[in-house]
Amino acid sequence: MILYITVAALSVLLAGRVDNHPATQPYRTTRQQMYNRICLSAVFLLLFGLSACRLNVGNDYAKYVEFMHLVNCNAYVPTEIGFNLLVRLIYGLSGFENYLLVFAVYAFVTVWLFMRAMYEQSDDFPLTFFLFMALGYYFQTFSTVRYYLALAVALYSMKFVLRGQWGRFLVLILLGSTFHKSLLVVIPLYFLASLRWKKWQLVLAGLFCTTFLFFQDFYLKVVVFLYPTYENTEYLEGGTSYINIVRCLAVLTLAGLVRWLQKRGKAPAADADDERRFWFFFYLDLGALALYVFCSFLPIISRIGYYLTVSHILFLPMLLRRTGGERLGKLLRLGVLLAAVCYFIVYMSRAGDDGVLILPYRTFFFNDMVNILSDVS
């Protein structure tokens, strides 16, 4: 745990020197731009190195090694074509089952996409990066590596939605879905969030959400159709996250407060681009709340919800910027920071539990891989 806390603290300190909206000069690299390059490179190498050097760290590390072995043996695996092709390519080039390189490639792409998305889209990169670390997104990439690659793609794709570049958005999502098909769900969800909903439309959407309470068997059959491997398994048990419900409510409350301040001239007015971003993030949060409340019986609710709530690391800095530098704004910022720190403490206290298993940290420099199922059967 000391290693994780040290890496988190050091990377946050380095990210604090980054200004993702630096002043530029023609034909000249400014001092801030140089700081940005050095600090971003250091943060990337730190996060990538920690992830790439791990061995059997993560809830399903051994399961993925087993999947890779089966792919190499041309046996059936429930993984997507992108994952399978990547494994075959790396194993073929390596001449042996080089699963360490596969995990390293995933770590490289996932961390790069997250950092690129945060740098390009955040109003306050240091705060966004702090939330990225404190809310556990980075450390969760050690588990379900396919899904967190897809989550990084989803976060990166938001800029295309906001620009109305739907062709690029679709190409990126379709490519990412070859590594985790759940990513396809963001196509309708992000499109719906990009619309400006009227009050009567929100009422109708709320009424539709109640159908999840009365037709659970039907929706479960749809899930089994999309994920046939879930049938007759513990994955169909479902369950919701009360922490995420509270988080969504808190973000919506902050968004409402910002709108109230703006109407009374106590917060900076927003331009058209800011308004578009505000409502897009607002509807993503509202949609996530609806999913957690009405669809708790669905086994994939957490994965769908994360595609929506990952926007919090962009939305919260945007909202806090709108509150200005007055006393209220500083108090709200402090409240967000303290809440994130508390979340990080709780997350780390459970880091060794089943379902997380990122503790103890092991590296292939000093440890050997445990036997996988194919080795003992």
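Please refer to the structure higher up on the page.
The model shown is predicted, which means the values in this text are computed figures rather than measured ones.

Asks: Help me out: how do you make sense of the environment of Asp-271 in this one?
Replies: Note that Asp-271 resides in the loop between α14 (242-263) and α15 (272-294). Considered as a pair, Asp-271 and Val-251 are 20 residues apart in the sequence and their alpha carbons are 21 Å apart. Side-chain polar atoms of Asp-271 contact the backbone nitrogen of Asp-273, separated by 3.3 Å. Only 2.8 Å separates the side chain of Asp-271 from the backbone nitrogen of Asp-274, close enough to count as a polar contact.

Asks: Hey, could you run me through unusual backbone geometry in this one?
Replies: With the exception of glycine, most residues fall at negative phi, and the peptide bonds are largely trans. In this structure, Pro-360 follows Leu-359 across a cis peptide bond, with omega equal to -5°. In this structure, Pro-360 sits in the loop between α18 (327-349) and α19 (373-376). The backbone phi angle of Leu-357 is positive, close to 50°, even though this residue is not glycine. Turning to its location among the elements, Leu-357 is positioned in the loop between α18 and α19.

Asks: Can you help me understand the nonpolar core in this one?
Replies: Nonpolar side chains tend to gather and get buried jointly when the protein is soluble and globular. Counting residues in each nonpolar core, the largest one holds 118 residues, and the members touching the most others are Phe-132, Phe-139, Tyr-190 and Ile-358. The leading source of residues in this core is helix α8 (residues 145-163), at 15 residues. When near neighbours in sequence (up to four residues on either side) are disregarded, Phe-132 contacts Leu-47, Phe-114, Met-118, Tyr-137, Tyr-138 and Ile-313.

Asks: Even after reading the chapter, I still don't get helix α6 (residues 125-134), so can you show me in this structure?
Replies: Note: α-helices contain 3.6 residues per turn, so residues at a spacing of three or four share the same orientation. Among the 10 residues of α6, nine are classified as buried, and the element is accordingly described as predominantly covered. Listing the buried residues of α6 in full gives Phe-125, Leu-127, Thr-128, Phe-129, Phe-130, Leu-131, Phe-132, Met-133 and Ala-134. Following α6 by one or two positions, Gly-136 has its phi on the positive side, about 85°.

Asks: Whenever I open this one, the pattern of salt bridges confuses me. Can you help?
Replies: One side chain can pair with another of opposite charge once the charged atoms of both are near each other. The final tally for this structure, using the stated rule, is 11 salt bridges. A salt bridge links Arg-276 to Asp-273; the nearest nitrogen and oxygen atoms lie 2.9 Å apart. Of this pair, Arg-276 and Asp-273 both sit in helix α15, three residues apart, roughly one helical turn. Look at Arg-276 and you get partly exposed, because its relative accessible area is 40%. What makes Asp-273 partly exposed here is its relative accessible area of 47%. Each of the salt bridges in this network shares a partner with another, and the network as a whole consists of Asp-123, Asp-274, Arg-277 and Arg-321.

Asks: Mind showing me how you'd approach the side chain of Lys-159 here?
Replies: Mapping Lys-159 onto the fold places it in helix α8. One polar contact links Lys-159 to Tyr-156, side chain to side chain, over a distance of 3.0 Å.

Asks: For this particular structure, what's the right way to read the packing of aromatic side chains?
Replies: In this description, an aromatic ring pair is defined by two values, namely the gap between the centres and the angle between the planes. Counted by the stated rule, this structure contains 40 aromatic pairs. With a centroid separation of 5.8 Å and an interplanar angle of 5°, the aromatic rings of Phe-44 and Phe-48 are classed as stacked. Of this pair, Phe-44 and Phe-48 both sit in helix α2 (residues 31-52), four residues apart, which is roughly one turn of the helix. With a relative accessible area of 13%, Phe-44 lands in the buried category. Look at Tyr-64 and Phe-83: their rings are 5.8 Å apart centre to centre, the planes differ by 55°, and that puts the pair in the tilted class. One end of the pair, Tyr-64, is in helix α3 (residues 61-72); the other, Phe-83, is in helix α4 (residues 81-94), and 19 residues separate them in sequence. Residue classification places Tyr-64 among the buried positions, given a relative accessible area of 4%. For Phe-83, a relative accessible area of 0% translates into the label buried. One aromatic cluster is present, formed by Trp-166, Phe-169, Tyr-190, Phe-191, Trp-197, Phe-278, Trp-279, Phe-280, Phe-281, Phe-282, Tyr-283 and Phe-315 through successive ring pairs. When the ring centre of Tyr-35 is taken as reference, the NZ or CZ atom of Arg-17 above it lies at 4.8 Å. Against the face of Phe-278 rests Arg-259, its NZ or CZ located 4.8 Å from the ring centre.

Asks: Would you explain a positive patch on the surface in this entry?
Replies: Where like charges cluster on the molecular surface, the positive patch consists of Lys-199, Lys-263, Arg-264 and Lys-266. One can find Lys-266 in the loop between α14 and α15.

Asks: What is the right way to read the packing of α2 against α6 from this model?
Replies: If you want to describe how two helices pack, look at the angle between their axes and the distance between the axes. Remark: α2 packs on α6, axes separated minimally by 14 Å, with the N-to-C direction vectors making an angle of 5°. Considering the angle they form, α2 stands roughly parallel to α6. Judged by residue contacts, Leu-40, Val-43 and Leu-47 of α2 engage Phe-125, Phe-129, Phe-132 and Met-133 from α6. Here the contact of α2 with α6 is built from residues that sort into seven nonpolar, no polar and no charged.

Asks: How should the side chain of Ser-51 be read in this particular structure?
Replies: By the secondary structure assignment, Ser-51 is in helix α2. Assessed through its relative accessible area of 4%, Ser-51 is described here as buried. Apart from the residues within four sequence positions on either side, Ser-51 is in contact with Ala-107, Tyr-138 and Phe-142.

Asks: How should I be thinking about the state of the cysteines in this particular structure?
Replies: Here, the word disulfide means a covalent bond between the sulfur atoms of two cysteines. Inspection of every chain in the model, using the stated rule, returns zero disulfides. Of the cysteine sulfurs around Cys-295, a residue in no disulfide, the closest is that of Cys-209, at 6.5 Å. With a relative accessible area of 2%, Cys-295 lands in the buried category.

Cut-offs and rules
Residues numbered from 1 in each chain as written. Predicted model: local features only at pLDDT ≥ 70, side-chain atom pairs only at ≥ 80, totals over all residues. Heavy atoms only, no water. Helix = DSSP H or I, 4+ residues; strand = E, 2+ residues; numbered from the N terminus. Polar contact = N/O pair within 3.5 Å; in protein donor to acceptor, adjacent residues only side chain to side chain. Core = buried A, V, L, I, M, F, W, Y, C linked by side-chain atoms within 4.5 Å. Buried < 20%, exposed > 50% of the residue type's maximum accessible area, 1.4 Å probe, protein only. Contact = heavy atoms within 4.5 Å. Salt bridge = Lys/Arg side-chain N within 4 Å of Asp/Glu carboxyl O. Phe/Tyr/Trp six-rings, centres within 6.5 Å; stacked < 30°, edge-to-face > 60°. Lys NZ or Arg CZ within 6 Å of the ring centre and 35° of its normal. Patch = residues over 30% accessible without salt bridge, like charges linked within 9 Å, V, L, I, M, F, W, Y side chains within 5 Å. Areas by Shrake-Rupley, 256 points an atom, 1.4 Å probe, with all protein chains shown as cover. Lys, Arg positive; Asp, Glu negative; His and termini not counted. Charge placed at Lys NZ, Arg CZ, Asp CG, Glu CD. Axes fitted to C-alpha atoms, helices over the stretch in contact; angles between N-to-C directions. Parallel < 35°, antiparallel > 145°, perpendicular 65-115°, else oblique. Nonpolar A, V, L, I, M, F, W, Y, C, P; charged D, E, K, R; others polar. Disulfide = S-S within 2.5 Å.

Function-wise, these values are silent; they only describe arrangement.
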